[in-house]
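# Structural characterization, general
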Amino acid sequence: MNPTDIHHPDYFHKVVDCQWACPAHTPVPEYIRLIAAGRYSDAYMINWESNVFPGVLGRTCDRPCEPACRRGRVEENNGEKPEPVAICRLKRVAADFKDDIRGRLPKAPARKNGKRIALIGAGPASLTVARDLAPLGYQITLFDGDQRAGGMIRTQIPRFRLPESVIDEEVGYILDIGVDFRGGNRIDSLKQLLAAKYDAVFVGTGAPRGRDLEIPGRKEAAANIHIGIDWLSSVSFGHIDKIGRRVIVLGGGNTAMDCCRSSKRLGGEDVKVIVRSGFGEMKASPWEKEDAQHENIPILNYLVPLEFTHKNGRLTGVRFEKVKAEYDVKGRRKLSPTGEPAVHHECDDVLVAVGQENAFPWIERDIGIEFNDWGMPVVDKVTMQSSLPHVFFGGDAAFGPKNIIWAVAHGHDAAISIDKLCHGEDVSVRPPPMVTLASQKMGIHEWSYDNDISGDERYKVPLKDQRIALKNIKVEVELGFDPKLALAEAGRCLNCDVQTVFAPRLCIECDACVDICPMDCITFTSNGDETDLRTRLNAPAHNLTQDLYVSDALKTGRIMAKDEDVCLHCGLCAERCPTGAWDMQKFLLDMTPAGPGCRNKPQRKAA
């Protein structure tokens, strides 16, 4: 193998599994260390720079960082299933305990740059674009059909998960930069908006239409059959404050979990979720399913709805076919009838949460925006640009339903593209990230960070007493970590961004690092191709998604090969090394935002 180029920005970034997995590339270990030090405001600002909504995401994020967490794969004998660091809940800690940070936020310059940008839909993607561009002098106009900004954050996430005060605070930070928010102003024609000659337009309207279920009885019992996301919006705005005693929720995603838990708080006594797939195949996040079950809401699987039953125009229940999962030789699943009699579940109301889809009736098809066979705009996945060069899409409006953190990432990418477009540059040329590597050595055996490995299991977030929580839909269920619990959970972080950096010219091949490594991830051996080398390490490296760190040839002709997958970043190799060939260096990656740093060439002043 060729020696590893550790100066490539992606190399150590990939080793920081949580940051690599985060669509917004939040520097997770950095802010967790700040939380451990009680520097909550600093931790909040690090989050705010990358993910924009720390308080919101600390409660609602889909947590792609946590399955990637190294902690979940290196622990031994610590529970049946080792659990990752509670990254999401620690983010909330920074938001809950920060000081007043308004003085640290950017402000719009008094002198604008002359460029006008229209943002359609005031959800997380558009708000991120506004946050990135307003401080650069762009004149931002944000349109939304609702009177208050926030999009799906405000309309579809129940208050018992996300208090309105948190939304108001973090949306307000952005609007206060100098954004012209025009609430209650729905855009019904993109062609008409384009006639206003904006320099760029960003579409962040989400996936506003819930899929319906057209089976027999749908029309006859329509009064008590509700589309899940529309029903949640009506609850959020106070238009609906009760539901029938017996409720069936159809669907297995996070919307279904919000529907069933909301129903429980609005008078539903017999609430159940019924899903056509198996429990493990449900799209809902594992913790969302756990929360529903914790509130004694049963989830029934492998039942396909056949008919809404009704009597005298009133819904009486749903009839289901029992199915089973069968798999072909390629592992593809097919649901087949079991042949058992149909099952009937009585109910007073049904909430249909079987998926969401985009609706673009307001975008004319003769203005140059190309749509695919599924009615979705054709959008570049890097630049977020449509086939009409100055129109960009992001969030659910670009690629269908995902989650808030993806919408934020799209917003950052679109802001870069808009900034480059407005400066006459090629939007496909993307700015490199800013990277620093700094040694953490303070003494021969002393580091500037705590490198002790905690053996603690993941700490549980305290919950509100159910007797109180289930009586009021606005009472937040999760109480969050207090500072003591936050410190303990932060101690579980392995500091994966503090990298083991090897200097082959200093190595005397004494094998001291090999002897002391608790994970057997360092090997001195002859070189070879990667497939061969992975089998000859002290502990075979089977995870091909993580690289091997391979050195230049040493004096004996051997090379050092280290498996990045299971390294604990404990620093024992660097402490034990008699020559300083190993060093612990903190890797910090900051994604280059919209602004001068993202541009390719210096701008000439007008003559």
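That block above? That's the structure.
Being a predicted model, the structure only gives us computed values, none of them experimental.

### Concerning the sheet that holds strand S8 (residues 270-274)
Spatially, S6-S14-S7-S8-S9 is the arrangement adopted by the 5 strands of the open sheet, whose pairing is parallel. Of all strands in the sheet, those bounded by a partner on one side alone are strand S6 (225-227) and strand S9 (299-300). Examined bridge by bridge, S6 and strand S14 (residues 349-352) share 3 bridges and lie parallel to one another. The residue bridging His226 from the neighbouring strand is Leu351, located in S14. Of the strands in this sheet, S6 and S14 touch helix H13 (residues 228-236), which is tilted by about 85° from S6. Across the sheet, helix H14 (residues 254-265) lies against strand S7 (246-250), S8, S9 and S14, angled at about 175° from S8, the strand it touches most.

### Re the environment of Phe360
Position of Phe360 relative to the elements: it lies in the loop between strand S15 (356-357) and strand S16 (391-393). Considering only alpha carbons, one finds Phe360 and Gly375, 15 residues apart in sequence, at a separation of 8.0 Å. Beyond its immediate stretch of four places on either side in the chain, Phe360 contacts Val203, Thr205, Arg365, Phe371, Gly375, Met376, Pro377, Phe393 and Ala397.

### Describing the nonpolar core
One recurring pattern in soluble globular proteins: nonpolar side chains tend to sit buried together. Counting 68 residues, the largest nonpolar core has Leu190, Val201 and Phe393 as its most contacted members. Excluding residues within four positions of it along the chain, Phe393 makes contact with Phe202, Val203, Phe360, Ile363, Ile369, Pro377, Val379, Met384, Ser386 and Ala398. In this structure, Val28, Val74, Met519 and Leu568 belong to the second largest nonpolar core, which totals 64 residues.

### Some thoughts on the pattern of salt bridges
Summed over all chains, the structure comprises 51 salt bridges. One salt bridge connects Glu357 with Arg211, and the closest N-O pair in it is separated by 3.4 Å. Within this pair, whereas Glu357 is found in strand S15, its partner Arg211 is found in the loop between strand S5 (209-210) and S6, the two being separated by 146 residues in sequence. The partly exposed category is assigned to Arg211, whose relative accessible area is 36%. The shortest N-O distance in the salt bridge between Lys420 and Glu425 comes to 3.0 Å. Residue class for Lys420 comes out buried when judged on its relative accessible area of 0%. Under the relative-accessibility criterion, Glu425 is labelled buried at 7%. Look at the salt bridges and you will find they share partners, linking Asp17, Arg70, Arg73 and Asp565 into a network.

### Notes on the pairing of strand S13 (residues 343-346)
Only one face of S13 is buried, namely the one carrying Val343 and His345, since none of His344 and Glu346 on the opposite face is buried. Sheet topology places strand S11 (residues 314-327) next to S13; 4 bridges connect them, and they run antiparallel. Bridge pairing links Val318 to His345 in S13.

### Section: unusual backbone geometry
A positive phi angle, close to 65°, is found at Asp511, a residue other than glycine. Here Asp511 lies in the loop between strand S20 (498-502) and helix H20 (512-516). Backbone geometry at Asp520 places phi at a positive 55°, although glycine is not the residue there. Residue position: Asp520 is located in the loop between H20 and strand S21 (522-525). Looking at Asp520, the relative accessible area reads 39%, which means it is partly exposed.

Rules behind the numbers
Residues numbered from 1 in each chain as written. Predicted model: local features only at pLDDT ≥ 70, side-chain atom pairs only at ≥ 80, totals over all residues. Heavy atoms only, no water. Pairing = 2+ DSSP bridges. Helix = DSSP H or I, 4+ residues; strand = E, 2+ residues; numbered from the N terminus. Contact = heavy atoms within 4.5 Å. Axes fitted to C-alpha atoms, helices over the stretch in contact; angles between N-to-C directions. Core = buried A, V, L, I, M, F, W, Y, C linked by side-chain atoms within 4.5 Å. Buried < 20%, exposed > 50% of the residue type's maximum accessible area, 1.4 Å probe, protein only. Salt bridge = Lys/Arg side-chain N within 4 Å of Asp/Glu carboxyl O.

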